[in-house]
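Take a look at the letters that make up each chain.
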Amino acid sequence: MKIDGALVTTTLADVPASAVAMEAGGYDGVYTFEGPHDPFFPLLLAGEHTERIELTTAIAIAFARNPMTLANIGYDLQLASKGRFNLGLGTQIKPHIEKRFSMPWSKPAARLREMVLAIRAIWATWQDGVPLDFRGEFYHHTLMTPFFNPGPNPYGPPRIFLAGVGPLMTEVAGEVADGFMVHPFATERSIREITIPALQRGAARAGRTLADIEVAYPLLMVVGETDDEFATGTAAMQSQLAFYGSTPAYKVVLDVHGWGDVHPELNRLSKQGDWQSMAALITDEMLDAFVVRGAPSEIAPQVMARYGDIVQRISFNAPYRAAPERWAAALAGFR
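Cut-offs used in this document
- Residues numbered from 1 in each chain as written.
- Predicted model: local features only at pLDDT ≥ 70, side-chain atom pairs only at ≥ 80, totals over all residues.
- Heavy atoms only, no water.
- Salt bridge = Lys/Arg side-chain N within 4 Å of Asp/Glu carboxyl O.
- Helix = DSSP H or I, 4+ residues; strand = E, 2+ residues; numbered from the N terminus.
- Buried < 20%, exposed > 50% of the residue type's maximum accessible area, 1.4 Å probe, protein only.
- Pairing = 2+ DSSP bridges.
- Right-handed = clockwise from strand over helix to strand, strands pointing away.
- Arc of directions from axis to C-beta.
- Contact = heavy atoms within 4.5 Å.
- Phe/Tyr/Trp six-rings, centres within 6.5 Å; stacked < 30°, edge-to-face > 60°.
- 1 Å grid on protein atoms, 1.4 Å probe; cavity = no way out; pocket = protein on both sides within 12 Å on 5 of 7 lines; lining within 4 Å.
- Points joined across faces, edges and corners; volume = space filled by probe spheres on them.
- Nonpolar A, V, L, I, M, F, W, Y, C, P; charged D, E, K, R; others polar.

What follows covers the pattern of salt bridges. For the structure on display, the rule yields 25 salt bridges. A salt bridge links Asp38 to Arg65; the shortest N-O distance between them is 3.9 Å. On the criterion of sequence distance, the pair formed by Asp38 in the loop between β2 (29-32) and α2 (41-49) and Arg65 in the loop between β4 (60-61) and α3 (67-80) is long-range, its members being 27 residues apart. Its salt-bridge partner being Glu265, residue Arg268 comes within 2.5 Å of it at the nearest N-O pair. With Arg268 and Glu265 both in helix α10 (residues 262-272) and 3 residues apart, this pair spans about one turn of that helix. Its relative accessible area of 39% is what places Arg268 among the partly exposed residues.

Attention now moves to the pairing of strand β3 (residues 54-57). Here β3 shows a buried face lined by Glu54 and Thr56 and a second buried face lined by Leu55 and Thr57. Examined bridge by bridge, β2 and β3 share 4 bridges and lie parallel to one another. Looking at the pairing, Val30 lines up with Leu55 of β3. Tracing the backbone out of β2, into α2 and back to the parallel element β3 gives a crossover that is right-handed. Across 2 bridges, the pairing between β3 and strand β5 (residues 85-90) is parallel. Counterpart to Thr56 in the pairing with β5 is Asn86.

What follows deals with α10. In an α-helix there are 3.6 residues to a turn, and that puts residues three or four apart on one side. When we look at burial in α10, the residues that qualify are Val262, His263, Leu266, Asn267, Leu269 and Ser270. Buried residues along α10 cover an arc of 170° about the axis, so they all sit on one side. Pointing more than 90 degrees away from the buried face of α10 are the exposed residues Lys271 and Gln272. Taken together, the buried residues of α10 touch α8 (227-245), α9 (251-256), α11 (275-280) and α12 (284-290). Trailing α10 by a residue or two, Gly273 shows a phi angle of about 75°, which is positive.

With that out of the way, let us pick up the packing of aromatic side chains. Going through the model one piece at a time under the given rule, you end up with 13 aromatic pairs. With centroids separated by 5.8 Å and ring planes inclined at 55°, the aromatic side chains of Phe185 and Tyr244 adopt a geometry described as tilted. With Phe185 in the loop between β9 (179-182) and α7 (188-205) and Tyr244 in helix α8, this pair connects stretches of sequence that are 59 residues apart. Per residue, the accessibility class of Phe185 equals that of Tyr244, and both read buried. Seen from their ring centres, Phe316 and Trp327 are 5.3 Å apart, and the 20° between their planes marks the pair as stacked. With Phe316 in strand β12 (residues 313-317) and Trp327 in helix α14 (residues 324-332), this residue pair connects regions lying 11 residues apart in the sequence. Taking relative accessible area as the criterion, Phe316 reaches 12% and is therefore assigned buried. Put simply, the rings of Phe185, Phe243, Tyr244, Tyr250, Trp259 and Phe290 touch in pairs and so form one group of aromatic residues.

Assignment of secondary structure puts Val182 in strand β9. Counting along the chain gives 36 residues from Val182 to Pro218, while the straight-line C-alpha distance between them is 7.1 Å. Apart from the residues within four sequence positions on either side, Val182 is in contact with Ile191, Thr195, Val215, Ala216, Tyr217 and Pro218.

For Thr11, the location among the structural elements is in the loop between β1 (2-6) and α1 (15-24). The sequence separation of Thr11 and His37 amounts to 26 residues, and the corresponding C-alpha distance is 9.1 Å.

Here the focus is empty space enclosed by the protein. Here the structure, examined in full by the defined rule, presents 1 cavity of 30 Å³ or more. Taken together, Gly164, Val165, Thr170, Phe180, Val182, His183, Phe185, Ala186, Ser190, Ile194, Thr195 and Val253 form the lining of the largest cavity. Within the residue set of the lining of the largest cavity, elements represented by two or more residues are β9 and α7. Here the lining of the largest cavity is composed, by residue class, of 7 nonpolar, 5 polar and no charged.

Here it is, written out as structure tokens:
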């Protein structure tokens, strides 16, 4: 099991020290996400100051860009990191793409599939000299002059990971991606009953198997040693799960457990901004399904028992502050 950590920093100046500390602490990789800051710049700095850890965008918003810009960025980060970069892409939702980024939105699963194929076509031109002639429904790339061709990358093109929740997007990842990022709003049962079968269906379309796809899961956790610490972490998780559960696209996960009736109420309360009432709807049974809770030494055995045969890498996803030494002790349990 590979363990990734979030490269969360206040400024770019904080990145080198944080990345060095995470590598020294035994993490296998670090990841960034597209929030208030660009997801790519920190990984360039992290790659410059580390030697071993993988560097992943988890995620960069695909539809805010086009295949050529992503191909360029990915290729350059792969070169700068000496082969340690993973291009992690996700779709975001329609309002953000159209209203925040002023970019087109349509058929997200089909568009993301074509975007990956277009990026790979561009890389094939640079890496192997294949003439660029990509003509799809959403993207056309037919011009590549020598001036804009960086030539072969000594480390090869980076791997591409896709993120998703529903079966359709998951099938796309199984068909065209090197890895799949499970959404944090998932359970062992939903991964086994929805995610893995969808990845297998997509892989079969491309003549591949599940072994060709690395599955990464940002697992929700509460790590503590006292009743107060568990209470604080549990309350944070209830709020996080309520927020996720209010999103229509994520109802499919609740349905697996027969909890789909709670979604309309969560959605209604979210529109009223009543976050406290939303959190109260998350039961202990739901918490046990979505969250791994325990002392640092208890985390690894629980994770391996639930997910050891279906997930190849995890990250500690906790929307609350925990003492760094507790995460270090939890990480040590996997070693």
